[in-house]
Amino acid sequence: MSSDLRLGVNIDHVATIRNARGGGHPDPVRAARAAAQAGADSIVAHLREDRRHIGDNDLIRLMEALDLPLTLEMAATDEMLDIALRHCPETVCIVPEKREERTTEGGLDVAAGHNHLTRFVEALSSSRVIVSMFIEPDPRQLDASRSIGAPAVELHTGAYCEAVIAGDDRLADQELARITEASRYGAEIGLEIHAGHGLTFDTVGPVAAIAEIVELNIGHFLIGEAIFGGLESAIIRMRSLMDKARADAAGSASA
Ligand code: PXP
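Residues numbered from 1 in each chain as written. Predicted model: local features only at pLDDT ≥ 70, side-chain atom pairs only at ≥ 80, totals over all residues. Heavy atoms only, no water.

Undergrad: Looking at this structure, how should I read the pairing of strand β7 (residues 192-196)?
TA: Of all 5 residues in β7, 4 are buried; the element is thus mostly enclosed. Looking at chain direction, strand β6 (residues 152-156) and β7 are connected through 5 bridges and run parallel. From the neighbouring strand, His156 faces β7, where its bridge partner is Gly196. Looking at chain direction, β7 and strand β8 (residues 213-218) are connected through 4 bridges and run parallel. (Buried < 20%, exposed > 50% of the residue type's maximum accessible area, 1.4 Å probe, protein only. Helix = DSSP H or I, 4+ residues; strand = E, 2+ residues; numbered from the N terminus. Pairing = 2+ DSSP bridges.)

Undergrad: Even after reading the chapter, I still don't get the packing of aromatic side chains, so can you show me in this structure?
TA: Between two aromatic rings, the relevant description is the distance of the centres plus the angle of the planes. Following the criterion strictly, the structure yields 1 aromatic pair and no others. Taking the centre distance of 4.8 Å and the plane angle of 80° together, the rings of Phe201 and Phe221 count as edge-to-face. Of this pair, Phe201 sits in the loop between β7 and α9 (204-208) while Phe221 sits in helix α10 (residues 220-229), and the two are 20 residues apart along the sequence. The exposure class of Phe201 is buried, given its relative accessible area of 12%. Accessibility expressed as a relative area gives 22% for Phe221, which makes it partly exposed. Over the aromatic face of Phe201 sits the side chain of Arg237, whose NZ or CZ is 4.2 Å from the ring centroid. (Phe/Tyr/Trp six-rings, centres within 6.5 Å; stacked < 30°, edge-to-face > 60°. Lys NZ or Arg CZ within 6 Å of the ring centre and 35° of its normal.)

Undergrad: Which parts of the structure should I look at to understand the site of the ligand?
TA: Around the ligand, a shell composed of 14 residues is seen, among which Glu73, Glu154, Gly198, Gly219 and His220 lie nearest. For the ligand, a nitrogen atom lies 2.5 Å from a polar atom in the side chain of Glu154. One of the backbone N or O atoms of Gly198 is found 2.8 Å from an oxygen atom in the ligand. Relative to its unbound accessible area of 390 Å², the ligand is 95% covered by the protein chains. (Near = heavy atom within 4 Å. Polar contact = N/O pair within 3.5 Å; in protein donor to acceptor, adjacent residues only side chain to side chain. Areas by Shrake-Rupley, 256 points an atom, 1.4 Å probe, with all protein chains shown as cover.)

Undergrad: Explain the side chain of Thr91 here, please?
TA: For Thr91, the location among the structural elements is in strand β4 (residues 91-94). Setting aside anything within four residues of it in sequence, one finds Thr91 in contact with Leu70, Thr71, Leu72, Val129, Ile130 and Ser132. (Contact = heavy atoms within 4.5 Å.)

Undergrad: What should I look at first to understand the pattern of salt bridges in this one?
TA: Pairing between side chains becomes possible if they bear opposite charge and their charged atoms approach one another. Inspection of every chain in the model, using the stated rule, returns 14 salt bridges. For the salt bridge of Asp138 with Arg140, the shortest nitrogen-to-oxygen distance reads 4.0 Å. By relative accessible area, which is 22% here, Asp138 ends up partly exposed. On the basis of relative accessible area, Arg140 is assigned to the exposed category, the value being 52%. We note a salt bridge from Lys244 to Asp248, for which the minimum N-O separation is 2.7 Å. Of this pair, Lys244 and Asp248 both sit in helix α11 (residues 231-254), 4 residues apart, which is roughly one turn of the helix. On the basis of relative accessibility, which here comes to 43%, the residue Asp248 falls in the partly exposed class. Salt bridges sharing common partners tie together Arg6, Glu192 and Glu215. (Salt bridge = Lys/Arg side-chain N within 4 Å of Asp/Glu carboxyl O.)

Structure, rendered in structure tokens:
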């Protein structure tokens, strides 16, 4: 795919549906292959402490089956670090994890967890795994991520997406401005900028238009849309909305 904005497709919720019944259907590896066919640039999977969606065996099968790079989302625990170092996916995105949450609710507090997190960045980086910190679009968190040596961050877009869904235009504009400013500042201090969480066909455009963002990671909405029109068609439409927003923004910047 010849876009300067990559799309990572998160296949966790294929496993959620499979796990509702046990057995092997639907298979997240088959979903990953379909995502690759449809133009995904990477596959994303979150191995949670409680294994509520992706399991250890899924990770092994994904690593074996995939031609695309895998991003493993994980909490900063010793168990997860051992697993990541055993498999060495292309990227590890470190996320906060609370057992009772339904999804990753906020960004990682890198500024407060500095001492604890440095060890994870060092161990993964020395095994040539790219480390990304999932953070709120906040300059303090960007500075802290930079200072512990993480090469990349993923900015949490959840608050922006929720404001759009709630129809609160003022808040949506404010949240989008935070993401835009954080993207610019992060790129300026040398971080690679990714973004994601809660993105849909309606919210992806303004985020994709931010020139400093090089990767969007999208899961729940795509898997939900797949029920109505198929996974490949959902991904193709998402890609085309991303690419159009990016091209329109580049056109208006150069006009
Ligand atoms: N990025 C991170 C770090 C996440 O934890 C998640 C959710 O697993 C996503 C992106 C994707 O969010 P969504 O499933 O809402 O698209």
